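Coordinates in review
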Amino acid sequence: MFDWNDLRFFLEVSRRGRLVTAARHLAVDHTTVSRRIQALEERMNTKLFDRTPAGYSLTPAGAQLVEYAEAMETTAFAIQESIAGQDLHLSGTVRVGAPEGFATAFLGARLQPFFATHPGIQIDLVAAPRYLSLSKREADLAIGLARPTSGRLVARKLTDYRLCLYATPAYLERAGTPRTLKELEGHDFIGYVDDLIFAPELRYLDKLVRAPQVVMRSTSLVVQRDATLAGLGLCILPCFVAATVPGLVPVMPRETSIQRSFWLVTHADLRDIVRVRTVAEYIRDLVRREQDLLIGRGLDETA
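What you are looking at is a predicted structure, and each value in this text was computed from that prediction instead of being measured. The numbering scheme is per chain: residues are counted from 1 as the chain's sequence reads. Only residues with pLDDT of 70 or above have their local features reported here, since the model is predicted, and side-chain atom pairs are shown and tallied only from 80 upward, although totals for entire chains, interfaces and linings are computed over all residues. Based on all heavy atoms of the structure, the side-chain values leave hydrogens and waters out of the count.

On to the overall build of the protein, then. For the protein, the count of helices and strands is 14 helices and eleven strands. In terms of overall dimensions, the protein has C-alpha extents of about 75 × 45 × 35 Å along its principal axes. When burial is assessed residue by residue, the protein has 47% of its 303 residues classed as buried. Of all intrachain contacts in the protein linking residues separated by at least 6 positions in sequence, the fraction that spans at least 24 positions is 76%. Computed with a 1.4 Å probe, the accessible areas rest on the Shrake-Rupley method; for each residue, only the protein chains presented here act as cover. Within the structure as shown, the protein displays about 15,500 Å² of accessible surface, and the carbon and sulfur contribution to it stands at 51%. In this charge count, Lys and Arg are treated as positive and Asp and Glu as negative; neither His nor the chain ends contribute. Here the site of a charge means NZ on Lys, CZ on Arg, CG on Asp, or CD on Glu. When the 37 basic and 35 acidic side-chain charges of the protein are each reduced to a single mean position, those positions are 1 Å apart. Each helix is a run of DSSP H or I of at least 4 residues and each strand a run of E of at least 2, with the numbering of both proceeding from the N terminus. A 1.4 Å probe rolled over the protein chains alone gives each residue an accessible area, and that area as a share of the maximum for its type sets the label: buried under 20%, exposed over 50%, partly exposed in between. Contacts are assigned to residue pairs that have any heavy atoms within 4.5 Å of one another.

Moving on to the UniProt feature "domain: HTH lysR-type" (unreviewed entry) in the protein. Annotation from UniProt places "domain: HTH lysR-type" (unreviewed entry) at residues 2-59. When the span residues 2-59 is considered, its composition is 59% helix and 14% strand, and the gap between its end C-alpha atoms is 19 Å. UniProt positions are given in the numbering used here, feature names are shortened, and annotations may be inferred rather than shown by experiment.

If you check the domain split of the protein, you get domain 1 (4-84), domain 2 (92-160 + 261-291) and domain 3 (162-259). The distance between the C-alpha centroids of domain 1 and domain 2 comes to 24 Å. With nine residues of domain 1 at the contact, the number on the domain 2 side is nine residues. Buried area: the accessible area, evaluated with a 1.4 Å probe, that two parts lose upon being put together, summed over both parts. Here domain 1 and domain 2 share an interface that buries about 830 Å² over both sides, 44% of which is from carbon and sulfur atoms. Any Lys or Arg side-chain nitrogen located within 4 Å of an Asp or Glu carboxyl oxygen qualifies as a salt bridge. Applying the counting criterion to the domain 1 and domain 2 interface returns zero salt bridges. Each domain's extent is set by a domain assignment, obtained either automatically or from a database.

Okay, here's the thing in structure tokens:
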């Protein structure tokens, strides 16, 4: 019989792809991880990983084992938190994957009250220009731009948010302030790299301007924001992102207004884990309190 504890090491390597990264997450030496993986393969009499210069990749047998190992991991979490009781001090790590703008301009700056109440919970906030896979346990919670349509995932609409066109006063003085959508033609724009857009919800520039003259593209919303602040051109930004940067002004906010939504998603096996549920509830309460910022209330009157 194999050592059940070896499955923890197996799961971390399957998710991280490298011994050193898995070891860091497990707070052990990488040689320990290697030894535990080797022992598991010997006990099961099968090869679980292909070792390559790029890292560790699952063999077909390893991929099959992941399903069983994750089910055991979920059961172990449930036992720990159900039997121990919710009245005990909550601890552990919750990894949250979020779009870069939401993570950097909104959530990251508003976590201090959570940590004051739950000092034992660590949050890994992953600001990524792509979706993190909950099925592969790249995150415990994910904030997405659309409701997922496949997988054992549980999704709830988190909030609507508003975007519109922004620029600096210096750019508008140099290039002229457009008063109609037609006058946007010929202006310089900042946007996403077309073939690297990870969600159709981010394809809004072409709908606003016919054949926009894009002078700079980036996969990073933060880079787009900073390029706009430097006066390179006009850029569509979430209102809650632009609100954190003095020096940006909305351009025709009524005419260029775009509405999108954030969804809070977790894997069905993790939704009842107390620490995961606690973080999810905090995020939901937070966006309810900050609705004016997220939906850009009052922007039309001040523009």
